[in-house]
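Tertiary structure, described
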Amino acid sequence: MITGGASGIGKALARRFVDDGARVAVLDVDREGLTALQNTLPGLEVAAEADVSDRARVAEVFADLDRLWGGVDTLFNNAGVMRHASFLEADAAGWERVLAVNLTGAFHVAQEAARRMDAGDGGVIVNVSSVSGMVGMPDYVSYNVSKAGLIEFTKTLALELGPKIRVNAICPGFVHTPLIDREIASPEDQAAMAARLPAGRMAHPDEIAALGAYLASNAAAFITGQAFVIDGGETAGGLAS
Ligand SMILES: NC(=O)c1ccc[n+]([C@@H]2O[C@H](COP(=O)([O-])OP(=O)(O)OC[C@H]3O[C@@H](n4cnc5c(N)ncnc54)[C@H](O)[C@@H]3O)[C@@H](O)[C@H]2O)c1
């Protein structure tokens, strides 16, 4: 189950897991994006239109998966939104929406999934956080706080849900997705930003999906409660802000 699977990193995860032979469900608010994904990824079994912040709707999707699959064994909490505003200008509605989707949405989806994993054969949860949850970043206070929250969410769940369920977080730096194209519109600005990274470029979403596939696999059976940075070296020095 991949939330926010209609675009960017979530789409790359969906493609990776379908290619690896998994039965994949994506959950996303974007109906058109879901339809486009179904058209390009015929192996995708479920494309559910849902808002992760709507607990009743999330529960319906999991009930559908119970009927179809008898449960879920791997969850990516990947759906996320971002609001750009200085702290002095930020409005409370924006703050609440970002936390409702990025953090409370992850709570809803993880709880629905974990109850099933705990009652069944166990499973894996991977939360897509960000380096923005590890260092200060101006003008994205709600986003940064939501991503920092996901790291603590990861650690606490790992303690409560082990050994049956492993819980980890991925903390990407800049990944070239529609989210970045919305936030940094001009190609020149994107290139200037990428040039400052030790890697000299943004990540491709497939590179994040590769880490996700590893963390979900049995090769990572001894890894839980951790946050994995994949940022092209961004946070190795002082480039973050
Ligand atoms: N792109 C980056 O540089 C980057 C870096 C660090 C972390 N991340 C995180 O990775 C995740 C994916 O980001 P992306 O870059 O692929 O962004 P994206 O905007 O391309 O994709 C996000 C997806 O989430 C869906 N979504 C948004 N709100 C939702 C909701 N309420 N319920 C269900 N689905 C919802 C969107 O419709 C979209 O399909 C996000 O959590 C983001 O914060 C991205």
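Residues numbered from 1 in each chain as written. Predicted model: local features only at pLDDT ≥ 70, side-chain atom pairs only at ≥ 80, totals over all residues. Heavy atoms only, no water.

We now examine the overall build of the chain. When helices and strands are counted, the chain shows eight helices and seven strands. Judged by the C-alpha coordinates and their principal axes, the chain covers about 50 × 40 × 35 Å. When the 241 residues of the chain are sorted by exposure, 48% land in the buried category. Within the chain, contacts between residues separated by at least 24 positions form 68% of all contacts whose residues are at least 6 apart in sequence. Accessible surface computed for the chain: about 11400 Å², of which carbon and sulfur atoms make up 54%. Side-chain charges of the chain comprise 19 positive and 30 negative groups, with the mean position of each set lying 4 Å from the other. (Helix = DSSP H or I, 4+ residues; strand = E, 2+ residues; numbered from the N terminus. Buried < 20%, exposed > 50% of the residue type's maximum accessible area, 1.4 Å probe, protein only. Contact = heavy atoms within 4.5 Å. Areas by Shrake-Rupley, 256 points an atom, 1.4 Å probe, with all protein chains shown as cover. Lys, Arg positive; Asp, Glu negative; His and termini not counted. Charge placed at Lys NZ, Arg CZ, Asp CG, Glu CD.)

Turning our eyes to something else, we now look at the site of the ligand. Near the ligand lie 31 residues; those nearest to it are Ser7, Asp28, Asn78, Tyr143 and Thr177. Here an oxygen atom of the ligand and a backbone polar atom of Asn78 are 2.8 Å apart. The side chain of Lys147 places a nitrogen or oxygen atom 2.8 Å from an oxygen atom of the ligand. Against a free-state accessible area of 830 Å², the protein chains account for coverage of 95% of the ligand. Elements with a contribution of two residues or more to the shell around the ligand: α1 (8-19), α4 (92-119), α5 (141-161) and α6 (178-183). Per element, the largest residue contribution to the shell around the ligand is four residues, and it comes from α6. Residue composition of the shell around the ligand, by class: 16 nonpolar, nine polar and six charged. (Near = heavy atom within 4 Å. Polar contact = N/O pair within 3.5 Å; in protein donor to acceptor, adjacent residues only side chain to side chain. Nonpolar A, V, L, I, M, F, W, Y, C, P; charged D, E, K, R; others polar.)

The next thing to look at is unusual backbone geometry. Cis geometry marks the peptide bond from Gly162 to Pro163; its omega dihedral reads -5°. If you trace the backbone, Pro163 turns up in the loop between α5 and β6 (165-172).

The final tally for this structure, using the stated rule, is 10 salt bridges. Between Asp51 and Arg97 there is a salt bridge, and its shortest N-O distance comes to 2.9 Å. Taken together, the residues span a long stretch of sequence, with Asp51 in the loop between β3 (46-49) and α3 (55-69) and Arg97 in helix α4 at a distance of 46 residues. Here Arg116 and Glu112 are joined by a salt bridge, their closest N and O atoms 2.9 Å apart. Placement of both Arg116 and Glu112 in helix α4 is noted, with a separation of four residues, approximately one turn of the helix. By relative accessible area, which is 10% here, Glu112 ends up buried. Overlapping salt bridges bring together Arg55, Asp66, Glu112 and Arg116 as one network. (Salt bridge = Lys/Arg side-chain N within 4 Å of Asp/Glu carboxyl O.)

Below, the discussion takes up the UniProt feature "domain: Ketoreductase" (unreviewed entry) in the chain. As annotated in UniProt, the feature "domain: Ketoreductase" (unreviewed entry) corresponds to residues 1-177 in the numbering used here. The span residues 1-177 shows a helical share of 49% and a strand share of 16%, and its end C-alpha atoms are spaced 20 Å apart. (UniProt positions renumbered as here; feature names shortened; annotations may be inferred.)

Helix-helix packing: each pair is described by the crossing angle between the helix axes and the interaxial distance. Packing of α3 against α4 leaves a shortest axis separation of 9 Å and a crossing angle of 30°. What the angle tells us is that α3 and α4 run roughly parallel. α4 is crossed by α3, and the crossing has right-handed handedness. Judged by residue contacts, Arg55, Val58, Ala59, Phe62, Ala63 and Asp66 of α3 engage Phe107, His108, Val109, Gln111, Glu112, Ala113, Arg115 and Arg116 from α4. Residue classes in the contact of α3 with α4 are distributed as seven nonpolar, two polar and five charged. (Axes fitted to C-alpha atoms, helices over the stretch in contact; angles between N-to-C directions. Parallel < 35°, antiparallel > 145°, perpendicular 65-115°, else oblique. Left-handed = near helix turned anticlockwise from the far one by under 90°.)

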